[in-house]
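Given next are the chains, with one letter for each unit.
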Amino acid sequence: MIYITYDIDWLHPWHPYSIIKCILPSSRWLTWKQLFKRDVFLNKLKEVVSENEQANLTPIYHIGVPYTTVGRYDLRYSAFSPVWNEAIDIIKMQEVGLHSHTKLPIAKQLVPLQTAIEKPVGFHRSHYLRHNRTQLHLELYHTSVTHDFTTGAIRHLTNAMAEHQGSVHYIPTVLFDNLFFTESPTVVFDRFKRLIETVAVQHSPVAIAFHPENQLLMPALQEHYHSVLHIIRQAGIPFYHSS
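Conventions used here
Residues numbered from 1 in each chain as written. Predicted model: local features only at pLDDT ≥ 70, side-chain atom pairs only at ≥ 80, totals over all residues. Heavy atoms only, no water. Core = buried A, V, L, I, M, F, W, Y, C linked by side-chain atoms within 4.5 Å. Buried < 20%, exposed > 50% of the residue type's maximum accessible area, 1.4 Å probe, protein only. Contact = heavy atoms within 4.5 Å. Helix = DSSP H or I, 4+ residues; strand = E, 2+ residues; numbered from the N terminus. Polar contact = N/O pair within 3.5 Å; in protein donor to acceptor, adjacent residues only side chain to side chain. Pairing = 2+ DSSP bridges. Salt bridge = Lys/Arg side-chain N within 4 Å of Asp/Glu carboxyl O.

Chemist: Let's hear about the nonpolar core: which residues, and what values?
Modeler: Of all hydrophobic cores here, the largest spans 58 residues; its most connected members are Ile-63, Trp-84, Leu-113, Phe-192 and Ile-208. Ignoring sequence-local partners within four residues, the contact set of Leu-113 consists of Ile-63, Val-65, Trp-84, Ile-88, Val-96, Gly-97, Leu-98 and Val-121.

Structure (structure tokens):
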């Protein structure tokens, strides 16, 4: 079983960190034209959701409930802001997970998210994977979360086995789309194909992770996403579908 997950890290192009990134640009960032389009991230999220619906895929969209938004490891939006509410409206009929931060206990982040989407939240990944495994399990214990995707590595492929502890399934994330920013697609696809062949033999569930905003920074990621799906299909591994 393969879980397709999307982490929503950016929602507002006018966030102070966006201005800094445009003044002191990294290798890839928004253009000034994109920066002044208020709905640029929301429109990309709508596009991603629509595309996956048409393909009959069931990704899990992880969104945070942050209050502090300007630190190095913070999410780039505020909970209950207009853009956050609009993002919730876009994904609330989909499978929604919590993208937690470390400023509040996970249980206290789950409650307002569940209220916003009007249903229990069963999925979780911590932002930047910033959680100690023991602490993570203590925080998820007795919550509605049944699947956690925090195990993995942001900048390289991971081959790890899923684990089950208490009521929580810990599903490793074997590929983040961030890898395409540092490695050539040919290298990534070659390594991923070999990894997926191993996963198919192991019969252990894994996840892949993409970010809607990354497709704005690297438009080729949309094509890379479909290439990743093609490799998985060739290996005969089924995708997660909600029951």
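Chemist: If you had to explain the environment of Asn-214 to someone new, which residues and values would you point to?
Modeler: Along the chain, the position of Asn-214 falls in helix α8 (residues 214-217). The class for Asn-214 is buried, based on a relative accessible area of 8%. With 89 residues separating them in the primary sequence, Asn-214 and Arg-125 have C-alpha atoms 18 Å apart. With sequence-adjacent residues up to four places away left out, Asn-214 is seen in contact with Asp-177, Asn-178, Phe-181 and Leu-221. A polar side-chain atom of Asn-214 sits 3.1 Å from a polar atom in the side chain of Asp-177.

Chemist: Pulling in residues and values, what's your account of the pairing of strand β2 (residues 60-63)?
Modeler: Residues Ile-60 and His-62 of β2 are buried on one face, and the alternating residues Tyr-61 and Ile-63, pointing to the opposite face, are buried as well. Here strand β1 (residues 2-8) runs beside β2; their pairing, made up of four bridges, is parallel. Bridge pairing links Tyr-6 to Tyr-61 in β2. Examined bridge by bridge, β2 and strand β3 (residues 95-100) share four bridges and lie parallel to one another. In the strand pairing of β3, Ile-63 is matched with Leu-98.

Chemist: Explain the pattern of salt bridges residue by residue, including any values.
Modeler: What the rule picks out here adds up to nine salt bridges. Ionic pairing is found between Lys-92 and Glu-118, a salt bridge with its closest N-O pair at 3.7 Å. Here the residue Lys-92 occupies a position in the loop between α4 (82-91) and β3, and Glu-118 occupies one in the loop between α5 (106-117) and β4 (123-126), the gap between them amounting to 26 residues. A network of salt bridges, in which partner residues are shared, links Arg-38, Asp-39 and Glu-86.

Remember that the coordinates give geometry; whether it matters functionally is a separate question.
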